[in-house]
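Listed below are the residues making up each chain.
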Amino acid sequence: MADALDGDFSRSRAVLIGTWDYTELESVPAAEHSLDRLRGLLTGPLCNWPRDEERLTEISNARSLGNLPHRLVEAFVDVTDVALFYFVGHGQYDLDDQLCLALGESSSDAAFRTTTSLTFAHVRHAFKVSRAATKIAILDCCFAGLAMQNKNILSGREALPPRPGSFLMMASGEFSTAWYQSGEEAEKPQTYFTKYLVDVIERGIPGQGEGLRLGTIFDTVAADLIRDRKPEPGCRTSDQANNYFFARNLAAGKRGRDLRAETAVAFREALRGATVALSLPLRCETCEGVGMLGEEECGTCHGTGEGHGQRTLRTRLRRGVADGEIVHVPEEGWTGPGGGPPGDLAVTVHVDNDPTLTRCGDDLLLALAISHAESTLGNTVNLRLLDDWVPVSIPAGSEYGTRVRIPGRGAPTTDDDGRGDLLVTLEATDPVTPADDAALTAPEPKPAPLLAPPTTGAVVTTYRWSLSRLAGKGLGMLFVMVLVLTPMLLLLVLKAAVPALHWLPGSLGGGITMGVIAGLYPFIRRSLAGRRPPLTLSDEGVTYVRFGFISWADITGVRPSAPGHPWVTVVLRRTAYLTTGQPNPLVLPAIMLSDLRGRPENVTEAMRTHCPSLVVASRA
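Residues numbered from 1 in each chain as written. Predicted model: local features only at pLDDT ≥ 70, side-chain atom pairs only at ≥ 80, totals over all residues. Heavy atoms only, no water.

Participant: I'd like a description of the overall build of the protein chain, backed by residues and values.
Facilitator: Of regular secondary structure, the protein chain possesses 13 helices and 31 strands. Among the 620 residues that make up the protein chain, the fraction classed as buried is 48%. Considering only contacts within the protein chain whose residues lie at least 6 apart along the sequence, 68% involve residues at least 24 apart. Put simply, the protein chain shows about 29,800 Å² of open surface, and 55% of that area lies on carbon and sulfur atoms. (Helix = DSSP H or I, 4+ residues; strand = E, 2+ residues; numbered from the N terminus. Buried < 20%, exposed > 50% of the residue type's maximum accessible area, 1.4 Å probe, protein only. Contact = heavy atoms within 4.5 Å. Areas by Shrake-Rupley, 256 points an atom, 1.4 Å probe, with all protein chains shown as cover.)

Participant: Can you lay out the packing of helix H2 (residues 68-76) against helix H4 (residues 120-129) for me, pointing to particular residues and giving the numbers?
Facilitator: Here H2 crosses H4 at 25°, and the two axes come no closer than 8 Å. In terms of axis orientation, H2 runs roughly parallel to H4. As H2 packs across H4, the resulting crossing turns out to be right-handed. Where H2 approaches H4, its residues Pro 69, Leu 72, Val 73 and Phe 76 are matched on the opposing element by His 122, Val 123, His 125, Ala 126 and Val 129. By residue class, the composition of the contact of H2 with H4 is seven nonpolar, two polar and no charged. (Axes fitted to C-alpha atoms, helices over the stretch in contact; angles between N-to-C directions. Parallel < 35°, antiparallel > 145°, perpendicular 65-115°, else oblique. Left-handed = near helix turned anticlockwise from the far one by under 90°. Nonpolar A, V, L, I, M, F, W, Y, C, P; charged D, E, K, R; others polar.)

Participant: An account of helix H1 (residues 29-43) is requested, with residue identities and associated values reported.
Facilitator: In a regular helix each residue adds 1.5 Å, so 15 residues correspond to 21 Å; H1 covers 22 Å between its end C-alpha atoms and thus fits that length. Among all positions of H1, only Ala 30, Ala 31, Ser 34, Leu 35, Leu 38, Leu 41, Leu 42 and Thr 43 are buried. (Expected span 1.5 Å × (residues − 1).)

Participant: How would you explain the pattern of salt bridges if you had to name every residue and give the values?
Facilitator: This structure, assessed with the given rule, holds 17 salt bridges. Note that Arg 283 and Glu 285 form a salt bridge whose closest N and O atoms lie 3.1 Å from each other. Under the relative-accessibility criterion, Arg 283 is labelled buried at 16%. Owing to a relative accessible area of 58%, Glu 285 belongs among the exposed residues under this scheme. Here the salt bridges share partners, and the residues they tie into one network are Arg 37, Lys 195, Asp 199 and Glu 202. (Salt bridge = Lys/Arg side-chain N within 4 Å of Asp/Glu carboxyl O.)

Participant: Summarise unusual backbone geometry; cite the residues concerned and give the values.
Facilitator: For Arg 229, which is not glycine, the phi dihedral falls at a positive 60°. Locating Arg 229 in the fold gives a position in the loop between helix H6 (214-227) and strand E10 (234-238). For His 302, which is not glycine, the phi dihedral falls at a positive 55°. Assignment of secondary structure puts His 302 in the loop between strand E15 (296-297) and strand E16 (306-316).

Participant: Which residues make up the pairing of strand E19 (residues 357-360), and what are the values?
Facilitator: Bridge count between E19 and strand E20 (residues 363-370): four bridges; the pairing is antiparallel. If you follow Leu 357 over to E20, its bridge partner there is Leu 366. In sequence, E19 turns back onto E20 through a hairpin of two residues, with Gly 361 there showing a positive phi of about 65°. (Pairing = 2+ DSSP bridges.)

Participant: I'd like a description of helix H5 (residues 192-203), backed by residues and values.
Facilitator: For H5, built from twelve residues, the straight-helix expectation of 16 Å at 1.5 Å per residue is met to within 8% by its first-to-last C-alpha distance of 16 Å. Tyr 192, Phe 193, Thr 194, Tyr 196, Leu 197, Val 198, Val 200 and Ile 201 are the residues of H5 that are buried. Two residues or fewer after H5 comes Gly 204, characterised by a positive phi angle close to 85°.

Participant: An account of the sheet that holds strand E4 (residues 91-93) is needed here, citing residue identities and associated values.
Facilitator: Read from one edge to the other, the open sheet built from three strands follows the order E4-E5-E6, with strand pairing classed as antiparallel. For this open sheet the edge positions go to E4 and strand E6 (118-119), each flanked by a neighbour on one side alone. As paired strands, E4 and strand E5 (residues 99-101) are joined by three bridges and run antiparallel to one another. Across the sheet, Gly 91 pairs through a bridge with Leu 101, a residue of E5.

Participant: Break down the sheet that holds strand E24 (residues 422-428) for me, citing the residues and quoting the values.
Facilitator: Taken together, four strands build an open sheet; the order of strands is E19-E20-E24-E23 and the sheet is mixed. Two strands close off the open sheet at either side, each with one partner strand: E19 and strand E23 (403-406). Pairwise comparison of adjacent strand axes, ignoring direction, gives a mean angle of 30° for this sheet.

Participant: So what about a nonpolar patch on the surface? Which residues, and what values?
Facilitator: Nonpolar side chains collect at one region of the surface, where Leu 475, Leu 478, Met 481, Val 482, Leu 485, Met 488, Leu 489 and Leu 492 lie side by side and expose about 800 Å² of accessible area between them. Topologically, Leu 478 is positioned in helix H10 (residues 467-497). (Patch = residues over 30% accessible without salt bridge, like charges linked within 9 Å, V, L, I, M, F, W, Y side chains within 5 Å.)

Participant: Give a detailed account of the confidence of the model for the protein chain, specifying residues and quantitative values.
Facilitator: Counting all residues, the mean pLDDT for the protein chain is 76, and 68% of those residues have values of 70 or more. Ranking the elements of the protein chain by mean pLDDT puts helix H12 (residues 593-596) last with 31 and strand E1 (residues 13-18) first with 96. This stretch, residues 560-566, has a pLDDT under 50; its non-local contacts, to residues over four places away or in other chains, come to 28 contacts. Across residues 575-584, confidence stays below pLDDT 50; counting only partners more than four residues off in sequence or on other chains, it has 17 contacts. (pLDDT = per-residue confidence, 0-100.)

Participant: Outline the pairing of strand E8 (residues 165-170), supporting the account with residue identities and numerical values.
Facilitator: The buried fraction of E8 amounts to six of the six residues, a majority that puts the element mostly inside the structure. Judged by which residues are buried, E8 turns out to be covered on both faces: Gly 165, Phe 167 and Met 169 on one side and Ser 166, Leu 168 and Met 170 on the other are all buried. Two strands pair when backbone bridges link them, and strand E7 (residues 134-140) and E8 are joined in this way by six bridges, in the parallel orientation. Looking at the pairing, Ile 136 lines up with Phe 167 of E8.

Participant: Mind laying out the packing of aromatic side chains, listing which residues take part and the relevant values?
Facilitator: Two numbers describe a pair of aromatic rings. These are the distance of the centres and the angle of the planes. Overall, the coordinates contain five aromatic pairs when judged by the stated rule. An angle of 90° between the planes, with centres 5.0 Å apart, marks the rings of Tyr 93 and Phe 143 as edge-to-face. Of the two residues, Tyr 93 is situated in strand E4 and Phe 143 in the loop between E7 and E8; the sequence distance between them amounts to 50 residues. Here Tyr 192 and Tyr 196 contribute two aromatic rings whose centre-to-centre distance is 6.4 Å and whose plane-to-plane angle is 65°, an arrangement assigned as edge-to-face. Remark: Tyr 196 and Tyr 192 occur in helix H5; sequence separation between them is four residues, near one turn of the helix. Connected via pairs of aromatic rings, a cluster forms that spans Tyr 93, Phe 143 and Phe 175. Lys 230 extends its terminal NZ or CZ atom over the ring of Tyr 192, reaching a point 4.9 Å from the ring centre. (Phe/Tyr/Trp six-rings, centres within 6.5 Å; stacked < 30°, edge-to-face > 60°. Lys NZ or Arg CZ within 6 Å of the ring centre and 35° of its normal.)

Okay, structure coming up:
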């Protein structure tokens, strides 16, 4: 981003407005000199703002409103780095207590102030449509504090958004006046706020780095004004705008330059606390990072202060670091000239999005799809969150859209002495009607006790076909083929041996064959019932040969299919998870008869014995 240290303002824009000659209000010559001085500061070596009209627009002594609001929008709409607005002159308020920035022909009558002045609502609108990453407004006028009202803030909302960053400087409070010098006090009088602001920047602030941040500048200006018994200014900031480098610091002394870097981390790694590797530029040893050799530009680094090559720094981010947060690493900047103390490192963290979790402050938001039966009867679902399992209790009679709060399961707080909350929003899933959902209820369902969550991460139980089972399955398939082909062969033999049966059509023969198969179907089903396909149960989910892998997060519940039966019914959250035409719910073999050496009387207890880390959600 462009700042006083970077010097690239090609994607930034500043608009400076000053009015000192008025028709109905008292003239303010100090406003003219303040405008000149601030413009000189911006375009000078301390702020490095370009002088061309494309980047800096000055509007002096505008007589009427005209198309001024349109010009503001036009100036800021395409800005992506820094949008700066400055006004010096009279400030008034209308009948709605709205701040009005007075122009040359602005009326002193409160009834006409809104229509004859540039209201702060016009400025706010210009900032609102701008895509600038940093928005700065400096108001040197009476009643400037009215700009802090909710309807008049830079974002146009009741709360400043996390991005972009905004910084609002005000020379006075809501219903207090701003002061200026008279002609007797100075040859070129100025408004006190702009004078103190420029004075602080031009003399520098000892103990700071090479760049002066907006927050530090304002704190120093406010302290100086209060010390000299001048009106107390105000400010309002959002995001990291107070850390924006507005000017170079002439009082930096021999302290080294502050460095900046950016890094990207995954959402869940940011919550746990991640160690990142940063590539930082080396200091130019010729000029010791200053960029100048006396009055001449350094011929080695050409004024950048950077040497050849990079160094790698590994640093640990705090747990719960947020997207856009700037992490300051002390003394990891460049060493100061002549062996002076090193500067600091400012790391901007970009956190990637997570497919399931979102963040709001220190709270984590999660959407959980539930069936109609779960919303009516209630349920307990175990969710994998970071490194542990979180039980989510769904109260009976919950409506879709209900938000369940689980305290202490959110993101770590800034001071790392606690955690926010986990907010689970209950959403509808297929099926959504009571009639459709009734099909998910197993015959004579019984509650299944909640088993212990997985702890190992290893495969718990794997069922595989032995050679004997493979041979038995092959013989079974051969037996089925014999049963299907035998009626057809008998029919062909009868037609060949008995001429009287030649009239039998082939369709009748096919019907007889299908009838025989239908009659033998129960026998075929019982003969194949003992041939179990391979099944793997692990801490991550279920792998079944007929449909592949399904994670536990996609499973609503697991319960016995029927009392004393060695199969379980698995109810999925969404039918879309099944791409091979499998029914929902699925019926899977949980315990093999050969593994248990007999039919289990209690399937849940058998699962507890043979699959100790299998999570079974209780469901009435």
